[in-house]
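What the coordinates show
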Amino acid sequence: MPSPEANPTTADPATMNSATTTDVFTYQSIIDSANGIFIGFVERIPYFVASIIVVLIFWFLSIVFKKIVYKLLGSRSRHQNLVKVFQRVGGALIIFIGFMIAMVIAVPGFTPAKLIGALGIGSVAIGFAFKDIFQNLLSGILLLISEPFRIGDQIVSGEYEGTVEDIKIRATTIKTYDGRQVVIPNSDLYTSALTVNTAYKQRRLQVAVGIGYEDDIEAAKAEIMQALDKVDSVSIKSKPSVIATGFGGSSMDLMVRWFIEDGTQANKVASIHQVIVEIKNALDAAEINIPFPIRTIDLSDPSVKAIVNKINEQQNEQQAVDVNKAATE
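Quick notes on the rules
- Residues numbered from 1 in each chain as written.
- Predicted model: local features only at pLDDT ≥ 70, side-chain atom pairs only at ≥ 80, totals over all residues.
- Heavy atoms only, no water.
- Helix = DSSP H or I, 4+ residues; strand = E, 2+ residues; numbered from the N terminus.
- Buried < 20%, exposed > 50% of the residue type's maximum accessible area, 1.4 Å probe, protein only.
- Contact = heavy atoms within 4.5 Å.
- Core = buried A, V, L, I, M, F, W, Y, C linked by side-chain atoms within 4.5 Å.
- Pairing = 2+ DSSP bridges.
- pLDDT = per-residue confidence, 0-100.
- Polar contact = N/O pair within 3.5 Å; in protein donor to acceptor, adjacent residues only side chain to side chain.
- Salt bridge = Lys/Arg side-chain N within 4 Å of Asp/Glu carboxyl O.

Observations concerning the overall build of the chain
Along its length, the chain carries 9 helices and 8 strands. Scored against the burial criterion, the 329 residues of the chain give a buried share of 26%. Pairs at least 24 residues apart make up 62% of the contacts formed inside the chain by residues separated by at least 6 positions.

Brief notes about the nonpolar core
A general trend in soluble globular proteins is that nonpolar side chains are found buried together. Ile224, Leu228, Val256, Trp258, Val275, Ile279 and Leu283 are the most contacted members of the largest nonpolar core, which has 22 residues in total. Only β6 (203-211), α7 (217-229), β8 (252-260) and α8 (265-285) provide two or more residues apiece to this core. Residues contacting Ile279, with those up to four places away along its chain left out, are Val209, Ile224, Ala227 and Val256. Ile167, Ile174, Val182 and Leu189 belong to the second-largest nonpolar core, a separate cluster that totals 12 residues.

Focus on the pairing of strand β7 (residues 241-247)
Judged from the 6 bridges that link them, β7 and β8 form a sheet pairing that is antiparallel. The residue bridging Gly246 from the neighbouring strand is Asp253, located in β8.

Remarks on the confidence of the model for the chain
Segments scoring low in pLDDT should not have their predicted coordinates read at a detailed level. Confidence along the chain averages 80 in pLDDT terms, with 78% of residues attaining 70 or more. In this model residues 1-11 is a low-confidence stretch, pLDDT under 50, and it forms 1 contact with partners more than four residues away in sequence or in other chains.

Concerning the environment of Lys230
For Lys230, the position within the fold is in the loop between α7 and β7. For Lys230, a relative accessible area of 61% translates into the label exposed. The sequence separation of Lys230 and Ile279 amounts to 49 residues, and the corresponding C-alpha distance is 10.0 Å.

Some remarks on the side chain of Gln154
With respect to the element layout, Gln154 can be found in strand β1 (residues 154-157). Side chain to side chain, Gln154 and Thr163 meet in a polar contact 3.4 Å long. There is a polar contact of 2.7 Å between the side chain of Gln154 and the backbone nitrogen of Gln265. If sequence neighbours within four positions are ignored, Gln154 has contacts with Gly162, Thr163, Tyr177, Thr195, Val196, Asn197, Thr198, Gly263, Thr264 and Gln265.

Description of the pattern of salt bridges
Inspection of the entire model under this criterion finds 2 salt bridges. The partner of Arg180 in a salt bridge is Asp178, with the nearest N and O atoms 3.1 Å apart. Of the two residues examined, Arg180 and Asp178, each falls in the exposed class. Between Asp284 and Lys280 there is a salt bridge, with its nearest N and O atoms 2.4 Å apart. A residue pair is termed a helical-turn pair when its members lie 3 or 4 positions apart in one helix, as Asp284 and Lys280 do in helix α8 at 4 residues.

Here it is in structure tokens:
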């Protein structure tokens, strides 16, 4: 009598042979593809090497081009920014041409027309993605050509002030007076108000001085003018001035103005310090008062008297409490 348990089924030999054959063909096709890729890569190695050599040659040509431009135009100190435009734009163009030639050599079927066509298809997306970059690039070129400032100038842009270290195509680098480096996008410099402190040789400085109401203004002015004559940084080409500007809370307000020949920040700070010291010494020697702020309290007002009386009553009550406490003890 047969057993109730089912016997295990055996696989069909034909099916197993078919699956094995399929696996062998798949494996063989993978091996053939890998061999084809490897052989193709080996065959393209000389072209890759040639393309690298082409890139290096054009990179060297860009360096030579920059040196030639500097040798021909570098002596013109008034157009240093224009020299940088030629150097950077021309150098970048030479490297780009070398890269295109290298791509034609290294990649089969590659042509510049295909690259231009691909850029044309994605121009809208690229324009949105690189809007700020292109804007800063164009602003940098316009700044280098128009030259509102040059390397070494001291400028003020927004909340940043310092010395221009480099003017690149995308951004301008300045060094602040406290030793920090600030990178400002060129579009901000081109579209916003910009102050160039060293655009001209002369620069006017000013400082406010207060004298007592009892002092003579003309006498104080004469002393201040003599003090300015002792300061070396004060320009002799432009006469300084002292003018009365108003009635202050505790003094007559005078404004002292003078010019310096070197408008840099270091010379500005040094000149202001020297002028203040000399004015102080001159007014002290002439016994002209430089008053402190004065506040007058009028105690004749009834409300003030009421406050004073209340304070006195509180003090008397506290004294009485202290006496009673001492008697109890």
